[in-house]
Amino acid sequence: MHTATIINGKEVAAQLRRDIAGMVRARAEQGRMCPGLAVILVGEDAASKVYVRSKIKACEEAGFLSRSFRLAADTSQQVLLALIDELNEDPQIHGILVQLPLPDHMHVPAVVERIVPAKDVDGFHPYNLGRLAAKSPILRPCTPYGCMRLLDAYGISPMGKNAVIVGASNIVGRPAALELLLRGATVTVCHVKTRDLQAELARADIVLVAIGSPGFIKAEWLKPGATVIDVGINRLASGKLVGDVDFESARDKVAAITPVPGGVGPMTIACLLQNTLEACEALDVAQAS
Ligand SMILES: Nc1nc2c(c(=O)[nH]1)N[C@@H](CN(C=O)c1ccc(C(=O)N[C@@H](CCC(=O)O)C(=O)O)cc1)CN2
C-alpha cells in the first residue's frame with residue numbers, strides 16, 4: 001500500500017537552529033555582536049502566549065539576546081507605536097516582531113509599517129513584501145519561507161510545477177505565492193470566492209493550504225503524487241492539533257505531506273531566527289562600509 005513521505009519539519013527546523021547557534025558562537029568568538037530580538041505581545045490570546053514563549057526559548061538556545069514585552073489588551077495603539085519607535089533606535093535590537101493577532105482596536109498595517117524594514121524580521125512590512133515581489137528578497141515572511149526550506153530539504157523543486165495555494169492571507173497565502181513564483185512554479189491562489197476549488201486542486205502538483213479550517217481539504221480532491229504543505233494549525237475540542245488537510249486519508253494518495261503538529265510550525269520559528277541573524281549581519285555590513 002502506498003504511503004507518502006512525511007515531511008519532518010521538526011527535524012529540519014532543529015538542524016537549522018543548530019546551524020544558526022553555531023554561527024552565533026562563531027560571531028561571539030570573533031567579538032561580534034549577538035543578534036537581538038524584541039518580541040511584543042498585546043493581550044491574552046492563549047495560542048499567542050505559547051508561540052511567544054517558544055520564540056524566546058528558541059532565542060535563548062541559539063545564543064541570541066531576547067527582550068519580551070507584554071502589553072495589556074486595552075493598551076492604546078499610540079503606546080505600542082511609541083515602544084516600536086524606541087526599539088527601532090535600540091542598537092542591541094536587530095529584529096522586532098509584534099505577535100499577531102492584535103486586539104481589534106489596533107490597525108495591523110499601521111503597526112507593521114512602524115517597524116523599520118531593516119528590523120522587520122517577520123517580513124510583513126510592505127517594503128520587504130515588495131522586495132520579494134521584485135525578485136530580490138531581503139527579510140521574507142517566516143512561514144512561507146519555512147515552507148520553501150522544507151521543499152528544499154526534501155529535494156522537491158517547484159520549477160515548472162502547478163502550485164495551488166488555498167488561502168490568500170497577508171501572512172501566508174500571498175507571500176507563499178511570491179515564493180513559489182520565484183522558484184519557477186505556475187501559481188494559482190484560491191480563496192473564499194474561488195468558484196471551483198476542487199477543479200483547481202485536481203491539477204496541482206504542489207498544494208499549500210492556510211485557511212484555518214480543520215480537515216477541510218479531502219484526499220479525493222488531491223492529485224495522486226502531489227506534495228501537500230499544510231500550514232493550518234487547528235485545536236479540536238478534544239485538545240488534538242490538526243491541519244487544514246485530512247491527513248490520514250491524504251497520506252495514502254499523495255507523494256509527500258507535512259504533518260500537524262511537527263510540519264510547518266517549527267519552521268516558522270527557525271526562519272525567524274534566520275531572519276534575525278541576517279538582520280544583524282546586514283548591520284555589520286552597513287557599519288563596515
Ligand atoms: N508576528 C507573527 N504572528 C504570527 C505568526 C508569525 O509568523 N508572526 N504566525 C502565526 C503563529 N506562529 C508564530 O508566531 C506559530 C505558529 C505555530 C508554531 C508551531 O511551532 N506549531 C507547532 C505546534 C505548537 C502547539 O503545540 O500549539 C507545530 O505545528 O508543530 C510556531 C509559530 C500567527 N501569528
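Everything that follows concerns the structure shown earlier in this document.
Quick summary incoming for the structure in this document. Every value quoted in this text rests on a predicted model; they were computed, and no experiment measured them.

Here we come to helix α2 (residues 46-62). Over its 17 residues, α2 runs 25 Å from end to end, which matches the ideal 24 Å to within 8%, given 1.5 Å per residue. Taken as a whole, α2 has its buried residues at Ser-48, Val-52, Lys-55, Ile-56, Ala-58, Cys-59 and Ala-62. Down the axis of α2, the sector holding all buried residues measures 160°, keeping them to one side. Residues of α2 that are exposed and point over 90 degrees away from its buried face: Ala-46, Arg-53, Lys-57, Glu-60 and Glu-61. In this structure, the buried residues of α2 make contact with α1 (9-29), β2 (36-42), β3 (65-71), β4 (95-98) and α10 (264-288). N-capping of α2 is provided by Asp-45, with a side-chain oxygen placed 3.4 Å from the backbone N of Ala-47.

Considering all chains together, one arrives at 13 salt bridges under this definition. Across the pair Glu-44 and Lys-49 runs a salt bridge, and its minimum N-O distance is 2.6 Å. You can call Lys-49 partly exposed: its relative accessible area is 24%. In this structure, the salt-bridge partner of Asp-152 is Arg-183, at a minimum N-O distance of 2.8 Å. Taken together, the positions of Asp-152 in helix α6 (residues 142-153) and Arg-183 in the loop between α7 (173-182) and β6 (186-190) put the pair 31 residues apart, joining distant regions of the chain. The partly exposed category is assigned to Arg-183, whose relative accessible area is 22%. Among the ionic contacts, a cluster of salt bridges with common partners joins Arg-17, Lys-57 and Glu-61.

We now examine the site of the ligand. The local shell around the ligand holds 17 residues, among which Lys-55, Val-98, Gln-99, Asp-122 and Gly-262 are the closest. Here a nitrogen atom of the ligand and a side-chain polar atom of Asp-122 are 2.7 Å apart. Broken down by secondary-structure element, the contributors of at least two residues to the shell around the ligand are α2, β4 and α10. Per-class residue counts for the shell around the ligand are 10 nonpolar, four polar and three charged. No fewer than three residues from each of domain 1 (33-115) and domain 2 (142-265) sit in the shell around the ligand.

The rules behind these values
Within any chain, residue numbers begin from 1 and follow the written order of that chain's sequence. Where local features are concerned, this predicted model is filtered to residues with pLDDT of at least 70; where side-chain atom pairs are given and counted, the filter is 80 or more; whole-chain, interface and lining totals use all residues. Water and hydrogen atoms play no part in the side-chain values, which are based on all heavy atoms of the structure. Numbering of helices and strands runs from the N terminus; a helix is a DSSP stretch of H or I covering at least four residues, while a strand is a stretch of E covering at least two. Every helix has an expected span of 1.5 Å times one less than the residues it contains. Remark: exposure states derive from per-residue accessible area (1.4 Å probe, protein chains only) relative to the maximum for the residue type, with buried under 20%, exposed over 50%, and partly exposed in between. In this context, the arc is that of the directions from the helix axis out to the C-beta atoms. Any pair of residues with heavy atoms lying within 4.5 Å of one another is described as a contacting pair. Polar contacts here mean pairs of N or O atoms no more than 3.5 Å apart (in protein, one a potential hydrogen donor and the other a potential acceptor; neighbouring residues in sequence count only if both atoms are side-chain atoms). We define a salt bridge as a contact between a side-chain nitrogen of Lys or Arg and a carboxyl oxygen of Asp or Glu at a distance within 4 Å. The criterion for a residue being near a molecule or strand is simple. One of its heavy atoms has to lie within 4 Å of it. The classification used treats Ala, Val, Leu, Ile, Met, Phe, Trp, Tyr, Cys and Pro as nonpolar, Asp, Glu, Lys and Arg as charged, and all other residues, Gly among them, as polar. The split into domains, and so the bounds of each, comes from an automatic or database assignment of domains.

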